[in-house]
Amino acid sequence: MKNIFTLLLAAAMLTGTMAACGNTVEETETLSSDTTAAEPIFNIIGIIKIDKIKISYPILSVINDDLLKIGPCRFAGPDAANTTGNLCIAAHNYDDSRFFSNISKLNVNDEIQIFDANGNVMIYKVFDKYETATNDTSCTLPLGNNTIEITLITCNNFTGNRIIVKAKSIMT
């Protein structure tokens, strides 16, 4: 279990997320020692990097309240990054610069980079941004059968709605 957290911490340090993450090594190790599972509770399926809003974070393979405190999590869609389908990634909005706090600043045609588990990068262009009710999961549906797309999901802490940013691969 400790190897998974070491990998997460190494990825965070390489991508500059340690200071923004808000978790100390001790807090992260406490999280890892709280589980008794023989298998890791999550994997890192990739890294999301958005230059416009200056973020770069590992993408965790599953979602729960504890993992959302660590970074962006796969909410729905394919199990791997940069594959056919709609990879939906959720992260907290802390109303500062952490996680998805600034995705509302993205506009149509802005670029998002997703690195898969092998380090291959795919560029996505934003094609839609909107707010929806917290119980509306229609954003998780793919555009079509052969599309490679991502959906970023976070809270609007002022309205109580969800901010949705959708982007399609431009195939690099």
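Description of the structure in this document. Everything numeric in this text was worked out from a predicted model, so none of it was measured.

**Notes on the pairing of strand 2 (residues 55–60)**
- Across the 6 residues that make up strand 2, a large majority, 6, are buried.
- Looking at chain direction, strand 1 (residues 44–50) and strand 2 are connected through 6 bridges and run antiparallel. Paired with I47 across the strands is P58, a residue of strand 2.
- Adjacent in sequence and paired antiparallel, strand 1 and strand 2 are bridged by 4 residues, among which K54 carries a positive phi angle near 55°.

**Looking at the nonpolar core**
- Counting 26 residues, the largest nonpolar core has I48, I112, I114 and L152 as its most contacted members.
- Secondary-structure elements contributing two or more residues to this core are strand 1, strand 2, strand 4 (85–90), strand 5 (111–116), strand 6 (121–132), strand 7 (148–155) and strand 8 (162–169).
- Apart from residues lying up to four places away in sequence, I114 is in contact with I47, I48, I59, A81, N82, I89, N120, V121, M122, Y124 and I150.

**Comments concerning the packing of aromatic side chains**
- Throughout the structure, instances matching the rule amount to 2 aromatic pairs.
- Ring centres of Y57 and F99 lie 5.1 Å apart, and the angle between their planes is 55°; on these two criteria the pair is classed as tilted. With Y57 in strand 2 and F99 in the loop between strand 4 and strand 5, this pair connects stretches of sequence that are 42 residues apart. Of the two residues, Y57 and F99, neither departs from the other in class, the shared state being buried.
- Aromatic side chains Y94 and F99 sit 5.7 Å apart centroid to centroid with 45° between the ring planes, which places their arrangement in the tilted category.
- Look at Y94 and you get partly exposed, because its relative accessible area is 30%.
- Given a relative accessible area of 1%, F99 falls into the buried group.

**A short note on the pairing of strand 7**
- Burial runs high along strand 7: 7 of the 8 residues are buried.
- Here strand 4 pairs with strand 7 via 6 bridges, running parallel. Bridged to I89 within strand 7 is L152.
- Relative to strand 8, strand 7 runs antiparallel, the two being bridged by 7 bridges. Of the residues in strand 8, the one forming a bridge with T151 is K166.

Cut-off values and rules
- Residues numbered from 1 in each chain as written.
- Predicted model: local features only at pLDDT ≥ 70, side-chain atom pairs only at ≥ 80, totals over all residues.
- Heavy atoms only, no water.
- Buried < 20%, exposed > 50% of the residue type's maximum accessible area, 1.4 Å probe, protein only.
- Helix = DSSP H or I, 4+ residues; strand = E, 2+ residues; numbered from the N terminus.
- Pairing = 2+ DSSP bridges.
- Core = buried A, V, L, I, M, F, W, Y, C linked by side-chain atoms within 4.5 Å.
- Contact = heavy atoms within 4.5 Å.
- Phe/Tyr/Trp six-rings, centres within 6.5 Å; stacked < 30°, edge-to-face > 60°.

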